[in-house]
Amino acid sequence: VSFFPEFNPPDCDNCGQGYGDFEVDYQDTSSDFWRIIDEVKPSGIITFSRGFNNNSWELESNVSNWVSWIADYTEPFFPTPSPPDDTVPNNHNRGTALPLNLIEEALDNSDININCYIDQNGNAGQFLSEFMGYHGMWHHQSSMDTNWPCMLGGHIHVGGQLDTNTARDAAELTIEVVLGYLDEMLVIPGDTNYDNTLNIQDVIVLIGYILDDVELNEDILLIADLNGDDDLNVQDVILLVDLILE
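Residues numbered from 1 in each chain as written. Predicted model: local features only at pLDDT ≥ 70, side-chain atom pairs only at ≥ 80, totals over all residues. Heavy atoms only, no water.

## Section: the pattern of salt bridges
Point 1. Inspection of the entire model under this criterion finds four salt bridges.
Point 2. Note that Glu 39 is salt-bridged to Arg 35, the shortest N-O span being 3.7 Å. Linking Glu 39 with Arg 35, this pair stays in helix α1 (residues 26–40), spanning four residues, or about one helical turn.
Point 3. A single salt-bridge network, built from bridges that share partners, covers Asp 21, Asp 32, Arg 35 and Glu 39. (Salt bridge = Lys/Arg side-chain N within 4 Å of Asp/Glu carboxyl O. Helix = DSSP H or I, 4+ residues; strand = E, 2+ residues; numbered from the N terminus.)

## Thoughts on α1
Point 1. Between its first and last C-alpha atoms α1 spans 21 Å; for 15 residues at 1.5 Å apiece the expected length is 21 Å, and the two agree.
Point 2. Listed in full, the buried residues belonging to α1 are Tyr 26, Asp 28, Thr 29, Ser 30, Asp 32, Phe 33, Ile 36 and Ile 37.
Point 3. Check the buried side of α1 and you find it contacts β2 (19–20), β3 (44–50) and α3 (128–142).
Point 4. In this structure Asp 25 caps α1, since a side-chain oxygen of it lies 3.2 Å from the backbone nitrogen of Gln 27.
Point 5. Positive phi appears at Lys 41, one or two residues downstream of α1, with a value of about 50°. (Expected span 1.5 Å × (residues − 1). Buried < 20%, exposed > 50% of the residue type's maximum accessible area, 1.4 Å probe, protein only. Contact = heavy atoms within 4.5 Å. Polar contact = N/O pair within 3.5 Å; in protein donor to acceptor, adjacent residues only side chain to side chain.)

## Some remarks on helix α4 (residues 164–186)
Point 1. For α4, which comprises 23 residues, the first-to-last C-alpha distance of 32 Å matches the rise-based estimate of 33 Å (1.5 Å per residue) to within 8%.
Point 2. Within α4 the residues assigned to the buried category are Thr 166, Ala 167, Ala 170, Ala 171, Leu 173, Thr 174, Val 177, Val 178 and Leu 182.
Point 3. Looking at the buried residues of α4, the elements they touch are β3, β4 (56–60), α2 (100–108) and β8 (152–158).
Point 4. At the N-terminal end of α4, a side-chain oxygen is found 3.1 Å from the backbone nitrogen of Asn 165, two or three residues along, and the residue is Asp 163.

## Comments concerning the environment of Asn 121
Point 1. Relative to the elements of secondary structure, Asn 121 occurs in the loop between β7 (115–119) and α3.
Point 2. Beyond its immediate chain neighbours, meaning those up to four positions away, Asn 121 contacts Ser 61 and Asn 62.

## Things to note about a nonpolar patch on the surface
Point 1. A cluster of nonpolar side chains, namely Val 1, Phe 3 and Val 40, defines an oily patch on the protein surface of about 290 Å² accessible area.
Point 2. For Val 1, the position within the fold is in the segment before β1 (5–6).
Point 3. In this structure Val 1 comes out as exposed when scored by relative accessible area, which is 88%. (Patch = residues over 30% accessible without salt bridge, like charges linked within 9 Å, V, L, I, M, F, W, Y side chains within 5 Å. Areas by Shrake-Rupley, 256 points an atom, 1.4 Å probe, with all protein chains shown as cover.)

## Topic: the packing of α1 against α3
Point 1. In contact at an axis separation of 11 Å, α1 and α3 are set at 25° when each is read in the N-to-C sense. The angle between the axes of α1 and α3 places the two elements in the roughly parallel class. α1 and α3 meet at a crossing whose hand is right-handed. Across the interface between the two elements, Tyr 26, Thr 29, Ser 30, Phe 33, Trp 34 and Ile 37 from α1 touch Leu 128, Phe 131, Met 132, His 135, Gly 136, Trp 138 and His 139 from α3.
Point 2. Residues that form the contact of α1 with α3 fall into these classes: eight nonpolar, five polar and no charged. (Axes fitted to C-alpha atoms, helices over the stretch in contact; angles between N-to-C directions. Parallel < 35°, antiparallel > 145°, perpendicular 65-115°, else oblique. Left-handed = near helix turned anticlockwise from the far one by under 90°. Nonpolar A, V, L, I, M, F, W, Y, C, P; charged D, E, K, R; others polar.)

Structure, rendered in structure tokens:
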């Protein structure tokens with residue numbers, strides 16, 4: 001699910017605030033963000049913004065709860081309140097939860113003409129880009145103990161010289177990597193019927209696979225191969241029963 005501002009003309013040089021969701025405005029961005037969180041309840045968040053005037057795909061490793069920000073285009077020109085997050089100290093640093101190394105590796109091994117790199121220690125800009133990225137990482141970290149945990153949050157700066165097709169290809173590959181990583185995080189070992197609960201039904205499904213000698217897909221092997229020997233047998237059944245009893 002994606003949300004974004006629009007600009008007229010779309011290939012603007014001095015684009016200003018834009019219109020629609022996430023206008024380049026601190027108050028609008030924050031109100032849109034929390035409204036969308038309530039509506040969508042995302043399992044993961046990637047925020048994007050325009051970066052350097054080159055062909056970069058800059059993976060931000062951290063963002064900060066700054067007291068001081070660069071002014072936007074409409075009064076009030078700065079976040080209200082500033083810093084935006086009163087649950088942590090001023091200028092507190094929040095780290096990304098995106099699989100940066102996996103994203104970088106995937107893009108480096110692709111034929112997409114893009115310079116992907118991880119910004120380990122840099123300043124993410126102290127403007128709407130970092131403000132947007134902070135919201136994503138803020139929600140991820142603060143939601144982990146709730147009924148709707150957001151497992152991932154992170155920000156990517158997109159180089160201003162990337163053409164639309166290249167940026168779309170890079171975004172799609174990035175999202176594919178993140179979804180795969182998220183799937184692995186959300187898997188419950190032994191949950192063979194995918195109901196997010198370990199019980200006797202999972203044992204029945206596992207025994208059915210073993211007795212019927214059916215061809216297994218990689219998902220079932222990942223979930224049910226509890227001893228990691230790349231085979232489903234009675235040892236996995238015993239381990240699954242132990243998990244249920246525990």
